[in-house]
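Listed here are the chains, written in short residue letters.
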Amino acid sequence: IAAEGGIAAVLAAMGAHGSHAGVQEQGCWALKNLAVNDDNQAQIAAEGGIAAVLAAMGAHNSHAGVQEHGCGALWNLAS
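For clarity, every value in this text was computed on a predicted model and none was experimentally measured.

> It is not clear to me how the overall build of the protein should be interpreted in this structure. Could you clarify?
Scanning the protein from N- to C-terminus turns up five helices and zero strands. Ordered by position from the N terminus, the helices and strands of the protein form the series α-α-α-α-α. Once the C-alpha set of the protein is aligned to its principal axes, its extents read approximately 30 × 25 × 15 Å. Within the protein, contacts between residues at least 6 apart in sequence are counted, and of these 60% link residues at least 24 apart. For the protein, the computed accessible surface area is about 4200 Å², with 59% contributed by carbon and sulfur atoms.

In structure tokens:
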């Protein structure tokens with residue numbers, strides 16, 4: 001997925017639909033799952049994924065799904 005531009009596509013969707021909690025939740029979920037290997041972690045960070053996750057969590061601070069998957073994405077990115 002990452003090799004075919006999936007990370008960029010997820011981040012583009014998150015950027016275009018910042019006010020939509022569902023898009024942010026699914027974007028964080030996708031980044032969480034993609035961030036399970038070192039190459040993807042580096043690509044996510046380089047393409048602004050950490051900032052995107054933090055922005056989603058800040059914009060939707062009462063949405064449990066965004067918070068859960070955002071924390072999971074950050075956890076995987078930090079490991």
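> Would you mind showing me how to read the packing of helix H2 (residues 21–34) against helix H5 (residues 64–78) here?
Relative orientation and spacing of two packed helices are given, respectively, by the angle between their axes and the distance between those axes. With their axes 8 Å apart at the nearest point, H2 and H5 run at an angle of 25° to one another. Between H2 and H5, the interaxial angle falls into the category roughly parallel. Pair H2 / H5 crosses with left-handed handedness. Each of Ala21, Gln24, Glu25, Cys28, Trp29, Leu31 and Lys32 in H2 lies in contact with H5, whose residues at this interface are Gly65, Val66, His69, Gly70, Gly72, Ala73 and Asn76. Of the residues that constitute the contact of H2 with H5, the class distribution is six nonpolar, six polar and two charged.

> Explanation requested: the environment of Ile50 in the structure shown.
Along the chain, the position of Ile50 falls in helix H4 (residues 49–59). Put simply, Ile50 and Asn37 are 13 residues apart on the chain and 15 Å apart in space, counted from C-alpha to C-alpha. Those residues in contact with Ile50 that lie beyond four places of it in its chain are Ile44, Ala45, Leu74 and Leu77.

> For this particular structure, what's the right way to read H2?
Given 3.6 residues per turn, any residue in an α-helix points the same way as the ones three and four places further on. The end-to-end C-alpha distance of H2, which contains 14 residues, comes to 20 Å, matching closely the 20 Å that a straight helix rising 1.5 Å per residue would cover. Where the residues of H2 are buried, they touch helix H1 (6–16), helix H3 (38–46), H4 and H5.

> Just to check I follow, could you spell out the environment of Ala12 for this structure?
When you line up the elements, Ala12 lands in helix H1. On the basis of relative accessible area, Ala12 is assigned to the partly exposed category, the value being 48%. Sequence separation between Ala12 and Gly27 is 15 residues, and the spatial gap between their C-alpha atoms is 9.6 Å.

Scoring rules and cut-offs
Residues numbered from 1 in each chain as written. Predicted model: local features only at pLDDT ≥ 70, side-chain atom pairs only at ≥ 80, totals over all residues. Heavy atoms only, no water. Helix = DSSP H or I, 4+ residues; strand = E, 2+ residues; numbered from the N terminus. Contact = heavy atoms within 4.5 Å. Areas by Shrake-Rupley, 256 points an atom, 1.4 Å probe, with all protein chains shown as cover. Axes fitted to C-alpha atoms, helices over the stretch in contact; angles between N-to-C directions. Parallel < 35°, antiparallel > 145°, perpendicular 65-115°, else oblique. Left-handed = near helix turned anticlockwise from the far one by under 90°. Nonpolar A, V, L, I, M, F, W, Y, C, P; charged D, E, K, R; others polar. Expected span 1.5 Å × (residues − 1). Buried < 20%, exposed > 50% of the residue type's maximum accessible area, 1.4 Å probe, protein only.

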